[in-house]
Amino acid sequence: MSNQYSNEPMLEMYIFETSQLLEQLEQAIIASEKSSSYSQEAINEIFRFMHTIKGSSAMMLFNEISALAHAIEDLFYFLREQKPKTVDYEILSDLVLEGVDFIKVEIEKIKNGDEVNGEAALLIDKIKEFLSLLKTENACVAELKRPEPTKNQQYYIAVEKKSGQLSKSIYKATVFFKEGCEMENIRAYTIIHNLVEFTQELFYIPENISENDESIIWIRENGFQILFKTDKSYEEMHEFFMKTIFLKELILEQLENDDEFEKFRVPKKIIIENSEVKMPKVSAQLSKDNVVKETTTTSNQSMISVNVEKLDKLMDLVGEMVIAEAMVTQNPEIEHLELENFQKAARQLHKITGELQDMVMAIRMVPLSTTFLKMHRIMRDMCKKLGKEVQLEVIGEETEVDKNIIEHISDPLMHLIRNSIDHGIEENEERLEKGKEKAGTVTLEAKNAGSDVLVIIKDDGKGLNKEKILQKAKENGLLEKNENEMTDKEIYALILLPGFSTKESITEFSGRGVGMDVVAKNLAVVGGTVSVESIADRGTTITLKIPLTLAIIDGMNIKVGHSRYTIPIITIKESFRPKEGECFKDPDGNEMIMVRGNCYPILRLHEHYRVHTDIQRFEEGILIMVEQDEKALCLFADELLGQQQVVVKALPNYIKNTKKIRGVAGCTLLGDGSISLILDVGGFSNSYAM
Amino acid sequence: MPKILIVDDTAFMRLSIKTMLENNGFEIVGEADNGKTAIKKYLETQPDVVTMDITMPEMSGIEALSAIRQYDPKAKVVIVSAMGQEDLVKKAIISGAISFIVKPFKEEDIVKTIKQIAEM
Amino acid sequence: MARNKAEELEELEEDTQKGKFLTFVLGNESYGIGIEFVTEIIGILPITEVPELPAYIRGIINLRGKIIPVMDIRLRFKKEFREYNERTCIIVIDIMDNSVGLIVDSVAEVLNISDEDIVLPPTGNTGFSNRYIKGIGKVGSDVKLLLECEKILSKDDLDSLETLA
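A short tour of the structure in this document, coming up. (Residues numbered from 1 in each chain as written. Chains lettered and ligands numbered in written order. Predicted model: local features only at pLDDT ≥ 70, side-chain atom pairs only at ≥ 80, totals over all residues. Heavy atoms only, no water.)

**Overview of the overall build of chain A**
Okay, so step 1: Looking only at helices and strands, one finds 20 helices and 22 strands in chain A.
Okay, so step 2: Counting all 690 residues of chain A, 46% fall into the buried class.
Okay, so step 3: Surface exposure of chain A reaches about 36,500 Å², of which carbon and sulfur atoms provide 51%. (Helix = DSSP H or I, 4+ residues; strand = E, 2+ residues; numbered from the N terminus. Buried < 20%, exposed > 50% of the residue type's maximum accessible area, 1.4 Å probe, protein only. Areas by Shrake-Rupley, 256 points an atom, 1.4 Å probe, with all protein chains shown as cover.)

**Digging into the interface of chain C and chain A**
Okay, so step 1: Each partner contributes residues to the interface: chain C has 25 residues there, and chain A has 22 residues.
Okay, so step 2: Summing the contributions of chain C and of chain A, the shared interface buries around 2,100 Å²; its carbon and sulfur component is 66%.
Okay, so step 3: Scanning the region where chain C abuts chain A turns up zero salt bridges.
Okay, so step 4: Counting every contact that joins chain C to chain A gives zero residue pairs in polar contact (both at pLDDT 80 or more).
Okay, so step 5: At the level of secondary structure, the elements contributing two or more residues to the side of chain C that touches chain A comprise β4 (57-63), β5 (66-72), β7 (98-104) and α3 (149-153) of chain C.
Okay, so step 6: Element by element, the count of residues in the side of chain C that touches chain A is highest for β4 of chain C, at five residues.
Okay, so step 7: Looking at the side of chain C that touches chain A residue by residue, the classes come out as 16 nonpolar, six polar and three charged. (Contact = heavy atoms within 4.5 Å. Buried area = accessible area lost by both parts, 1.4 Å probe. Salt bridge = Lys/Arg side-chain N within 4 Å of Asp/Glu carboxyl O. Polar contact = N/O pair within 3.5 Å; in protein donor to acceptor, adjacent residues only side chain to side chain. Nonpolar A, V, L, I, M, F, W, Y, C, P; charged D, E, K, R; others polar.)

**Focus: the pattern of salt bridges**
Residue and element names in this part refer to chain A.
Okay, so step 1: In total, this model carries 42 salt bridges over all chains according to the counting rule given.
Okay, so step 2: Note that E445 is salt-bridged to K447, the shortest N-O span being 4.0 Å.
Okay, so step 3: A salt bridge links E591 to R604, with the shortest nitrogen-to-oxygen separation between them at 2.9 Å. A residue pair is termed long-range when its members are at least 10 positions apart, and E591 in strand β16 (residues 591-595) and R604 in strand β17 (residues 598-604) qualify at 13 residues. As far as the burial class goes, E591 and R604 line up, both buried.
Okay, so step 4: Where salt bridges share partners, they join E26, E33, E90, D94, D101, K104, R377, R380, D381 and K384 into one cluster.

**Topic: the environment of K579 of chain A**
Residue and element names in this part refer to chain A.
Okay, so step 1: By the secondary structure assignment, K579 is in the loop between β14 (572-576) and β15 (583-585).
Okay, so step 2: According to the relative accessible area criterion, K579 is exposed, its value standing at 59%.
Okay, so step 3: The sequence separation of K579 and F618 amounts to 39 residues, and the corresponding C-alpha distance is 7.7 Å.

**So, unusual backbone geometry**
Okay, so step 1: Of note, the bond from I205 of chain A into P206 of chain A is cis; its omega dihedral lies within 30 degrees of zero at -5°.
Okay, so step 2: Across the junction of K103 of chain B and P104 of chain B, the peptide omega takes the value -10°, indicating a cis bond.
Okay, so step 3: In this structure, M183 of chain A takes a positive phi of about 50° despite not being glycine.
Okay, so step 4: Topologically, M183 of chain A is positioned in the loop between β1 (169-177) and α6 (184-195).
Okay, so step 5: According to the relative accessible area criterion, M183 of chain A is buried, its value standing at 1%.

**Some thoughts on a nonpolar patch on the surface**
All names here are of chain A.
Okay, so step 1: A cluster of nonpolar residues, L314, M359 and I363, forms a patch on the protein surface that exposes about 260 Å² of accessible area.
Okay, so step 2: Mapped onto the elements, L314 comes out in helix α10 (residues 308-329).
Okay, so step 3: Owing to a relative accessible area of 34%, L314 belongs among the partly exposed residues under this scheme. (Patch = residues over 30% accessible without salt bridge, like charges linked within 9 Å, V, L, I, M, F, W, Y side chains within 5 Å.)

See the structure below:
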């Protein structure tokens, strides 16, 4: 548990960095799995990732995560150093991915402010077991203790200076280090390293300080003892020792004689440490093994990460600036004034505002690649569980979509991919019998189409069964139309209805009857649609159509009585003032109009919204023909107020939670501060249109 | 205010150290995420103390340390290490690092250490 | 160390807020809302109607660029509607990240009412507005009906079914 760091920036950075590392880790593992071998590069990379996660998690006091990362780090250290021949890479991948999942879950808890209480003990044991298995199977040379004890033990003793210098002082120093400073043996080594210059006959206990862990314990309990002779005065030596970092206590005695030195004076080999690292020649130096793929944390100083909330705020501000600019340049007070310079400046301002708006929009656009990348993992897990071989092909992942929308695509996409693999792609043998390739292919494609983005999930499986769908729909009372009159498209669309599922067995992953309709609903939240196509035995194609951005649309402002509404321009086909007598009623009393041979229902907005207006007769107002999802109708309003780029604001949560309001997609603020409701043409067309 | 250069390949550690030190009267004059940049930044910013992560890609902390000490024999470099890297830390001491601190560490540890070293 | 101090201060602040109520008037009755929910008080603003909502949700207003729904408390308490005038106020409250404006006849003052002076509403009486009252506060010889804000914002009651068709 970490309460110490309620330091937001650090926590956010930790979450961000660790999440990134986990993603890269996953990719590295999956890629290695595919090629059935772990290259040195990959092992190195994974080692470094785990090392980093171990360190930062420990700093943030997330000790379970740190311990888990440590275990995996040890495992990969072994793989890196010993390069064992017999390794069950499948189990290895599973273990590491299990670790990745654990950390992912904990990070979610951290993000949500929940208690980070996961226990990794079981998994850590599994990893340790795997490691010891590896060690026995590969009968490695010696038990590797980290760090490797490669060097010979060396006693660091100053060369005896020329004798004859009698005025030497003799000292005995005992140094205690602060608790928790770690590596006391190396700290002791540091003191010796610094003492050598001006001392003779330097002895110390414990002797073996650079490699031995036991010396650490000794030093902690008994202090580090040094005996030496030097020219320096007591004060000077005291000052020297007091400079020791993490010093807890110093006992410095000046001795009368060097009797205590006797027990050390055994002839020893004199070796002077001189392993200073030479000045690096960067070009030739780095061996291939050390070249690690640049992680996003180290390279790419041309990118920074920005908090989405800040972006939203920026968007809001730019939106308000657009309104404020309109209030200045279109102010009624200056309407009839001839102000040439002012107009010129106003146009310039408008231009810049427009560019600013475009820029902010562009910033919010994020490529789909990260979302698509996640699908690889899903693919892998599903293939393993179901024993099927499926390849994932990704096209157009650089296609960009508003950041807000990405969040709503991820889950539907996962579900669709699972569906394809679970129900679409046949078992390997069945595929071979049909003359298909053993491995199925699922293609994930993204592309731009006007003001929308299309995300297409295509599989080459067995396709949808029309008869089964129709039957199931009948059983659940979902058939509204005569089945003979339904197009294939309409039949396939039945699977999007709630409560529908033709799966004989509801597998763990999909088809619990909550599947496709939830996908459709999720998409609808961001104004997207789903369409399904299929060819028996050839495969199924599901197309998601998503608007590029929710945030700003081209709208036509209209007036109905005192109220103002905005219609998205892309839904408007045409607008006109009907002539007297052009409109008529059908037997049920619904008003309609004929336009070029087609019949369109009319929706009187003033009636629908119960707004009072003086304009009741069609010839006095205006009809606006709108269309969405191939359904069209005509809206009757008082007049058109003009086209405008509007910043879409959502209705307040309180209202959204109270009721989903048909026909209202959101609202916007007009130049004069009033609120205009943005009409959702799809909402009308479902109830009224032909 | 003593001037500090922070060298570590993870943004998280750089941010942590920066936060801890800035809260305690130090001025962070630069950051680097690998050995090469570290050397460059040292020349540019002439800090009083450098915190140097020991394991970094492209050029290790020890190599950068050596280079910096060659350029400025009075340079004060503090190594930031993880547990289990005794061997590397020892190498660093030999190459001229003034001291080291082991991760994970508390704020007061690094602050006291840097303070002491800055005053030397 | 510093953190404990901060916690202490926060608790102190909460304590000092507890017991403070913003009182307002509806007809003959006086109501109170815990000040911890109130973010601001403004005069009446133009309201944009939103269709298909219960009558007491009058619509939305533009509060310095933020869109806020407004609720007429009279209608919420099934009282007679009164036209808005210059004295009509909107009390903006913030509960569970929802901002809502409450339209009231007029706003009175902020009063300190300690726990001892608050009694629970009588349970026998099934009068409609009772469900929104969390207590009755005594101030001198006056009585203030203290509102349960969450209940006012909740949807699960009878009139949410009475949407205008």
